[in-house]
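# Observations on chain architecture
One letter stands for each residue in the lines below.
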Amino acid sequence: MNNLPASTQIVIIGGGVMGASTAYHLALRGCTDVVLLEREQFFGLGATGRCAGGIRYQFSTDINIRLSQLSLPMLERFEDETGQAIDLQWPGYLFLLTNEYDVAKFQRNVTLQHSLGILTAWFTGDEIRRRIPQLAADDVIAGTYHKGDGLADPNGVVNGYINAARRLGVITLTETAVTGIETKNDVITAVRTNQGTIQCDIVVNAAGPWAGVVSEMVDVPLPITPVKRQMLTTTPMPNIPEDFPFIIDFAQSLYFHREGNGLLTGMSNPYEKPGFDQNVDEDWEFTHMEAAIKRLPMLEKAGRQAGWAGLYEITPDAHPIFGEVEQVDGYFLVAGFSGHGFMHGPIAGLLMSEFVLDGAATTLDVSMLDYQRFAEGRLIQEYNVV
Ligand SMILES: Cc1cc2nc3c(=O)[nH]c(=O)nc-3n(C[C@H](O)[C@H](O)[C@H](O)COP(=O)(O)OP(=O)(O)OC[C@H]3O[C@@H](n4cnc5c(N)ncnc54)[C@H](O)[C@@H]3O)c2cc1C
């Protein structure tokens, strides 16, 4: 039995990290006339629950680094604040660079990171080969390592925010699919669902890779492309050291990090066609594992424990879209995080509470990440996308 109320002030569409964090941060400000709608049976079954859990400062743009500088400390405070453990670990991220173009790009990135107080280390190829002897790294020219990058549990973060929001008075409903959004004279009036209609003044679209589909309901086209990404975990690998970093072979978009007693590894298929398919592509898994074993030969002896696929939500400049859309009064976006949104979920929810309650984000100026930037050609390209 679903308990969809007849009306509320704010409807949040989507129960991934963005929706959950937005609901919690609104409630923290005393705004509890909020209903969060998720169509799946549980929260966090979209991109958030399928993600690699990586959290990092190593980005190539000022705004992404600043988002991390606010968001990662929120994850450090998370358990104290919400009571939910999120298995934080700080193995650091190590980017491996195998061509001169990337070396030059990452040199610039590191300079920018240093200017913002993020003290990423620069390693030569020899240093990498000495530090991580498990890698077959003859072709690695250099690398960047930041020890303050790490991992957290995505499901813990979603459910921690959902439960804390509920305790503060927010209504959060699963198995409630939004099927339409009603407007009158370009002003939000209601949301239609498979459980009935709910009147409201404000809609926050936090539908992740499906944000474009939701946005069509108000005739606001979004440049957010869903693209499948997949990964797998291995059976225990006792020879992987405790301090093994989150390693990214940047040119191949191939990565590994410790997961339990084994490894999690993924590789992005540059030829993947956009779409909503979330089935594991076995041919690509084969290609991925060939490349993975070549880079980390000890993987050859490991078994496959589990594999799954999820969707990136890619914008043309690999940055998210924040704030109110001027075409429809009461319509807000927090979407398009382009494959690195889990780590920015905490700050994104806080900023959304400011957009909704104060008319602008004040903790951090993200006005350059508005919806209008696409029409006005104000794109800011992020290079460190995996
Ligand atoms: C394979 C993979 C690895 C990744 N690795 C990382 C990583 O290491 N670090 C990182 O920071 N990020 C990573 N990401 C990206 C990250 O997962 C996303 O950026 C982030 O989770 C987006 O959160 P969200 O809340 O916007 O979307 P989602 O978690 O997808 O939530 C959106 C929700 O909306 C619901 N929904 C959609 N349509 C409707 C509707 N009509 N009605 C009701 N509900 C609806 C969906 O069911 C879903 O639960 C990865 C992503 C993938 C796919």
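Now for a quick tour of the structure. Just so it is clear, the model here is predicted, and its values are computed rather than measured.

### Points about the packing of aromatic side chains
- Within this structure, the stated rule accounts for 14 aromatic pairs.
- Judged by centre distance (5.7 Å) and plane angle (85°), the ring pair of Phe322 and Phe337 falls under edge-to-face. Of this pair, Phe322 sits in strand 18 (residues 321-324) while Phe337 sits in the loop between strand 19 (331-335) and helix 9 (345-358), and the two are 15 residues apart along the sequence. Here Phe322 and Phe337 have matching classes, each one buried.
- Linked through ring pairs, Tyr93, Phe95, Tyr101, Phe106, Phe246, Phe250, Tyr255 and Tyr383 together constitute an aromatic cluster.
- Residue placement shows Arg229 over the ring face of Tyr312; its charged tip is 5.1 Å from the ring centre.

### Describing the sheet that holds strand 18
- Overall, mixed pairing links the 6 strands, which are arranged 8-2-1-12-19-18 in an open sheet. Single-partner strands in this sheet number two, and they are strand 8 (171-173) and strand 18. Between one strand axis and the next, the sheet turns through 15° on average, direction left out of account.
- As paired strands, strand 1 (residues 10-13) and strand 12 (residues 202-205) are joined by 4 bridges and run parallel to one another.

Cut-offs used in this document
- Residues numbered from 1 in each chain as written.
- Predicted model: local features only at pLDDT ≥ 70, side-chain atom pairs only at ≥ 80, totals over all residues.
- Heavy atoms only, no water.
- Phe/Tyr/Trp six-rings, centres within 6.5 Å; stacked < 30°, edge-to-face > 60°.
- Helix = DSSP H or I, 4+ residues; strand = E, 2+ residues; numbered from the N terminus.
- Buried < 20%, exposed > 50% of the residue type's maximum accessible area, 1.4 Å probe, protein only.
- Lys NZ or Arg CZ within 6 Å of the ring centre and 35° of its normal.
- Pairing = 2+ DSSP bridges.
- Axes fitted to C-alpha atoms, helices over the stretch in contact; angles between N-to-C directions.

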